[in-house]
Each structure stands twice: as C-alpha cells, then as structure tokens.
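Read off the chains here:
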Amino acid sequence: MTKNIAITGVGAYLPEKVLTNHDLEKMVDTTDEWIVTRTGIRERRIAGEDEKTSVLAARSAQAALDDADLKAEDVDLIIVATISPDSNFPSVACLVQKEIGAAKAAAFDVSAACSGFLYALTTAKQFLTGGLYKNALVIAAENITSLVDWNDRSTCVLFGDGAGACVIQEADNGSEAKILSDYLHAEGQYGELMEVKMDWRKPLDQQTSEMALPMINMQGQELFKVAVNSMAEGAEIAVKKAGLKLSDIKCVVPHQANDRIISAVAKKLKMPKEKIFINIHKYGNMSAASIAVALCEAVKDGTIQKGDYVVLVTFGAGLVTAANVVKF
C-alpha cells in the first residue's frame with residue numbers, strides 16, 4: 001500500500017534589514033515606478049553580516065518544527081535547497097543539523113536554483129515513501145544578494161534574502177492531506193539565460209592575489225518566454241498526474257520572480273489571478289526560498305486551508321522546472 005506523505009508544518013525566516021526601491025534610487029540609476037511597473041517588487045530583505053545562509057535556514061527550520069509539534073531529535077532527514085551556501089563545504093544541511101540538534105538526521109544540499117525547494121520536497125518524499133526515513137525537514141535558504149552586482153540596475157533590483165521550510169511526514173490514518181503529484185524537468189539548452197559568472201582562477205597561481213567575485217548575469221526577455229511556458233506546462237502536468245482539473249485547484253503558489261511572469265502564467269492557465277498567491281512586492285526574488293516563504297505565508301494567513309488542493313510551481317536557472325500538487 002502506497003504511503004501518503006503530507007506537509008505537517010511550515011515556517012519561514014526573513015532578515016530584519018529592508019531595502020526599498022527608494023533606497024535603490026540612491027544607489028543606481030532607477031526609480032520606484034520603473035521597478036514596480038516591470039517587476040511588482042517594492043522592497044526586499046538583506047541578510048545581515050551575522051545571517052549566513054545556514055543561520056536563515058536553521059531559523060526557518062525551527063519555525064517549521066514548532067508548527068509541526070516535532071522535536072529536532074526526531075528528524076531523520078534534512079535537505080536544504082540553496083545556491084548561496086556559506087561555503088562549498090560543509091553543506092548547509094549539516095550546519096542546520098548541528099544548530100537545531102537533529103543528531104540522528106542524514107543531511108545534504110540540493111542545487112536547483114529557484115526550483116530547489118520543490119526538487120528537495122520531491123526528493124524527501126521519495127525517501128519517506130520508500131520507508132527509509134519518517135520525519136523530514138525540507139528547507140530553502142538563500143543569501144542571494146551576496147551574488148548580486150550592485151552596479152547592474154537590471155538585476156540588483158530583483159533579489160532578496162530569506163528562508164522557508166516545511167516538515168513532511170506520513171499522513172495520520174484517516175487524514176486526506178498528502179502530496180498528490182510531483183513533476184521535475186530540466187532544459188539545459190537554456191542554461192545561458194541566467195547564470196553566475198566569474199573569471200576562472202588559475203590553479204597553482206601564486207602571483208595573483210585578486211579574485212573575481214561571482215555575479216548574477218541574466219537575459220531577462222528571453223528568460224521570460226521560457227519561464228512562462230515552462231511553469232504553465234509544469235502546473236498542467238502535475239494537476240493531470242494528480243487526477244484533478246485546474247478548476248479543482250483552490251490556490252496556486254508560484255515562484256516569485258516577476259509579477260508579469262506570474263500574470264502571464266495565470267493567463268496561460270486560464271486561471272483568475274485571485275487564485276494566485278503573491279508576495280513578491282515584499283521580498284523580491286529569493287531564489288529557492290521564494291516559494292517556500294510564499295507557501296508558509298499562504299498557510300499562516302488562511303489563504304490555504306484544510307482540504308484545499310494547492311499547486312506549487314516554479315522555474316529556475318538551468319533551466320529547471322518543478323511542480324507539486326498538495327492536498328492540505
């Protein structure tokens with residue numbers, strides 16, 4: 001008999017520092033009107049010096065554990081989705097394990113850019129379905145502004161930092177809550193549309209002391225078209241795999257990259273925008289953390305309620321797409 005795996009707790013953590021569009025007007029040649037009109041973003045959060053990605057991740061993880069009424073020592077799997085880890089190693093997941101005291105848990109990171117949270121969620125679900133683990137923490141955390149070129153007005157206005165998490169477990173007997181379907185996809189031919197670029201360091205070069213910093217580079221117009229089509233297709237496939245129709249869906253929680261992209265996806269799905277949960281105006285694009293934080297807020301503010309069918313759908317650099325249909 002197939003196990004039903006459900007989301008039993010959600011949590012989020014946002015840095016205190018707020019960077020508004022008006023603040024950015026003083027930094028680069030841009031305006032609040034230009035940013036809002038083209039992206040829907042009004043402000044974003046910036047991690048402090050003591051708020052590394054692992055710190056953001058651990059705080060959101062603890063919030064999700066509290067929400068699920070689960071102790072850290074009962075967690076046996078931690079997966080962190082991030083493209084902005086504290087360092088190449090150890091993994092952020094291992095740092096979270098130490099911070100929250102989840103001594104029994106296996107821990108590793110997933111790198112799938114803005115689709116990371118759903119890639120991690122689907123991966124964790126498979127471990128639980130197979131019976132290897134019982135209680136999993138799925139976390140998405142990003143200190144993405146550390147990769148931003150603050151002289152590039154086309155990209156620096158887009159991004160913010162934050163973290164979101166969820167606990168997944170086998171559903172209680174009699175509960176209808178479960179993750180109904182999963183969809184993961186990649187189109188590597190579009191990888192150059194959004195990437196982090198830096199000059200290669202020469203091995204064993206003792207003469208050069210300077211190192212180029214990695215910076216986000218994006219081809220916005222080309223990415224827009226691919227993103228809209230990929231997200232709409234992903235949502236449709238996931239809904240069909242769940243045995244549902246789009247009309248059955250109470251709420252869509254999409255990746256918060258650009259309000260225009262979200263509107264175009266809604267139009268392509270022929271779904272009223274009132275069914276789409278949006279918080280991009282407060283946080284900008286937090287990469288993998290965007291959809292995790294949005295899911296948490298949608299649950300906490302009552303947009304998502306018990307019994308609702310919800311679509312989570314995202315796209316990210318790579319180009320990677322992911323979608324899940326969840327019954328709460």
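Structure shown above.
Residues numbered from 1 in each chain as written. Predicted model: local features only at pLDDT ≥ 70, side-chain atom pairs only at ≥ 80, totals over all residues. Heavy atoms only, no water.

Trainee: Could you give me a rundown of the overall build of the chain, with the residues and numbers involved?
Mentor: Across its full length, the chain holds 9 helices and 13 strands. Over its C-alpha trace the chain gives a radius of gyration of 19 Å, about what one expects of a compact globule, namely 20 Å for 328 residues. Dimensions of the chain, computed from the C-alpha atoms along their principal axes, are close to 60 × 45 × 35 Å. For the chain, with 328 residues in total, the buried portion stands at 53%. The centroid of the 34 positive side-chain charges in the chain is displaced by 6 Å from the centroid of its 42 negative side-chain charges. (Helix = DSSP H or I, 4+ residues; strand = E, 2+ residues; numbered from the N terminus. Rg over C-alpha atoms; globule rule 2.2 N^0.38 Å. Buried < 20%, exposed > 50% of the residue type's maximum accessible area, 1.4 Å probe, protein only. Lys, Arg positive; Asp, Glu negative; His and termini not counted. Charge placed at Lys NZ, Arg CZ, Asp CG, Glu CD.)

Trainee: How would you explain helix H4 (residues 92–100) if you had to name every residue and give the values?
Mentor: Considered for burial, the residues of H4 that qualify are Val92, Ala93, Val96, Gln97 and Ile100. All buried residues of H4 fall inside an arc of 145° around its axis, so they share one side. For H4, the secondary structure elements touched by its buried residues are helix H3 (53–68), strand E4 (77–81), strand E5 (106–110) and strand E6 (135–142). Within two residues after H4, Gly101 carries a phi angle of roughly 80°, on the positive side. (Arc of directions from axis to C-beta. Contact = heavy atoms within 4.5 Å.)

Trainee: Got a sec to walk through the sheet that holds E4? Specific residues and values, please.
Mentor: The mixed open sheet is built from 5 strands, whose spatial order is E1-E7-E6-E4-E5. In this open sheet, the two strands that pair with only one neighbour each are strand E1 (5–13) and E5. Strand-to-strand twist in this sheet, taken as the mean axis angle between neighbours without regard to direction, amounts to 20°. Two strands pair when backbone bridges link them, and E1 and strand E7 (residues 162–170) are joined in this way by 8 bridges, in the antiparallel orientation. Bridged to Ile5 within E7 is Glu170. Against the sheet, H4 contacts E4, E5 and E6, and its axis sits at roughly 130° relative to E4. (Pairing = 2+ DSSP bridges. Axes fitted to C-alpha atoms, helices over the stretch in contact; angles between N-to-C directions.)

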